[in-house]
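# Fold and contact review
One letter stands for each residue in the lines below.
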Amino acid sequence: MSVCRRRRDPIADTIYSFSPFNRICVILFGAVSIHLTIGTYHTFGNMLPYMASYMRNFTDPSVRIEHMMWIPTFQGCFPFAMVIGGLTSSTFSPRVSAFIGCFLVTSSVALSAYAIQHSFALFFIVYGLLFGLGSGIAYVTAVSTAINWAPDKIGVISGIVAAGFGLSSSIFAPIQTMIVNPLNLPATKDGYFLQPELLHRVPALFTKLAVIYGIMQAMALIVVCDPPFRKSRSTESILEEDDEDMDEDYERPVFDNDEDTTIQMTSSEMLKSPTFYCLFASLFCCSFYANMFYNLYKTYGESFIEDDMFMAMAFSIASVANAIARIGWGYLTDRTSFQIALSTATCLASVFLLTMPMTRELGKMAFLFWLVGTFICMGATHALFITATVKCFGNRHKANNYGYLILSTTTSGILLAAISQFYLKAIGYTYLFIITSIFPFCAFIFISCIQWTPQGKLVT
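Note that the coordinates shown come from a computational prediction; the quantities given were computed from them, not determined experimentally.

Rules behind the numbers
- Residues numbered from 1 in each chain as written.
- Predicted model: local features only at pLDDT ≥ 70, side-chain atom pairs only at ≥ 80, totals over all residues.
- Heavy atoms only, no water.
- Helix = DSSP H or I, 4+ residues; strand = E, 2+ residues; numbered from the N terminus.
- Polar contact = N/O pair within 3.5 Å; in protein donor to acceptor, adjacent residues only side chain to side chain.
- Domains from an automatic or database assignment.
- Contact = heavy atoms within 4.5 Å.
- Buried area = accessible area lost by both parts, 1.4 Å probe.
- Salt bridge = Lys/Arg side-chain N within 4 Å of Asp/Glu carboxyl O.
- pLDDT = per-residue confidence, 0-100.
- Phe/Tyr/Trp six-rings, centres within 6.5 Å; stacked < 30°, edge-to-face > 60°.
- Buried < 20%, exposed > 50% of the residue type's maximum accessible area, 1.4 Å probe, protein only.

This next bit is on the side chain of asparagine 291. Locating asparagine 291 in the fold gives a position in helix α14 (residues 274-301). A distance of 2.5 Å separates polar atoms of two side chains, one belonging to asparagine 291 and the other to tyrosine 41.

Attention shifts here to the domain arrangement of the protein chain. Under the domain assignment, the protein chain is made up of domain 1 (7-229) and domain 2 (263-459). Computed over C-alpha atoms only, the centres of domain 1 and domain 2 are separated by 19 Å. In this complex, domain 1 contributes 58 residues to the contact, which on the side of domain 2 involves 51 residues. The largest share of the area that domain 1 buries against domain 2 comes from His42, Met69 and Trp70, three residues that together contribute 13% of it. Run the count over domain 1 and domain 2 and you get one salt bridge. Taken together, the links from domain 1 to domain 2 amount to 14 residue pairs in polar contact (both at pLDDT 80 or more).

A residue-level look at the protein chain finds 90% of positions with pLDDT of 70 or above and a mean pLDDT of 86. The model gives residues 230-261 a pLDDT under 50, and that stretch makes 57 contacts with residues more than four places away or in other chains.

In this section: the packing of aromatic side chains. A ring pair, where both rings are aromatic, is described by two values, the distance of the centres and the angle of the planes. Enumeration over the complete set of coordinates arrives at 29 aromatic pairs. On the basis of an interplanar angle of 65° and a centroid distance of 5.0 Å, the ring pair of tyrosine 294 and phenylalanine 375 is categorised as edge-to-face. Pair noted here: tyrosine 294 is in helix α14 and phenylalanine 375 is in helix α18 (residues 364-393), with a separation of 81 residues, a long-range link. A relative accessible area of 3% places tyrosine 294 in the buried class.

Moving on to the environment of isoleucine 305. Along the chain, isoleucine 305 turns up in the loop between α14 and α15 (308-335). For isoleucine 305, the residues in contact, after removing those within four places along its chain, are Phe310, Met311, Lys364 and Phe367.

Put into structure tokens, the structure is as follows:
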């Protein structure tokens, strides 16, 4: 077992003194709380009509809903931010890394209250790029730290943390709607709001959300830390001989991965593996259909449902189902395999997306059923791919490796934004859903073939 040198973290020591169950609960509180704030990325679809309507009326009349689709492309898919998160966490500490990410997220939301009143370009930079940078750093730091405390339960732990990311929508979407549209005023058939009293509340919404995020993140950051280190007698003797007054100890990690018999691949080694590209293609397809549905479910629903409050509550219910499903998919992965869990989710997603246009005729309760079903399938994406990354390429470089894998979500986001801007109006929602249903089925094909790649047997 290797010996490493680190400054003691009294908070980590205190947490480690708890029982195993209690210490995991404390760590999960911090990780889930951070994910609850950055998970509001998924409320973009709920806020989209408000933001687009405000900018059309007060900032730039040429802005359309389709143009706004570029924002979530960078807001939730900033892969290099995850690499940065891995580097800052290892260079400084998980708490410092998470603080940097949380500060950027909260600052971007606060500044968006100003940006939305001045230009689309400024709003894109602040609410898109800056939010994406911060969320990427905070996301990977929080989930990696939680996994370090329970390396033998990767699927369940990552599923619980990812559940916080998914549960965020169920909490904040109704809050957003109650702040902006408390009277449940209807949108037009094109998905825009015209009522001045509603539109004037949009900038203030960002300020209020920033305050809430800041409070939640401040409490969470206290317990974001890696496991403490147990002292080694031999190294204690070395330290006493070198300097009796030293504040730093040579210590032995609680979970030492240096002697792990599983594979430990660096990012450069991973990028040479066919397994990585199989996962990359699968995540590309999964993120495309998930982002399409997250961002356009409301504008589609409001084309035949004139009830904004119902849409918010439907999204809230679906988000709860999504959060529970993330834990379920993680548990299923631990009990069976990544391949079985993701194959099940992608096949079901193809069916729901292919039949989604039927809800226009069946009514809003059918829309709710399809919404919940699709959200359950989407829960597999965030819960499972980091698990696959750790199992295929090792735990030691998981933050950087996952950062490279998540690049696929940016490329799929760019494709989605381009389709939305240039073709959505021409093809309509019916054909968009039919085309999108092909993507999860393609992911199923890729995952079915992963067992023939070098590391694929580790997730089958």
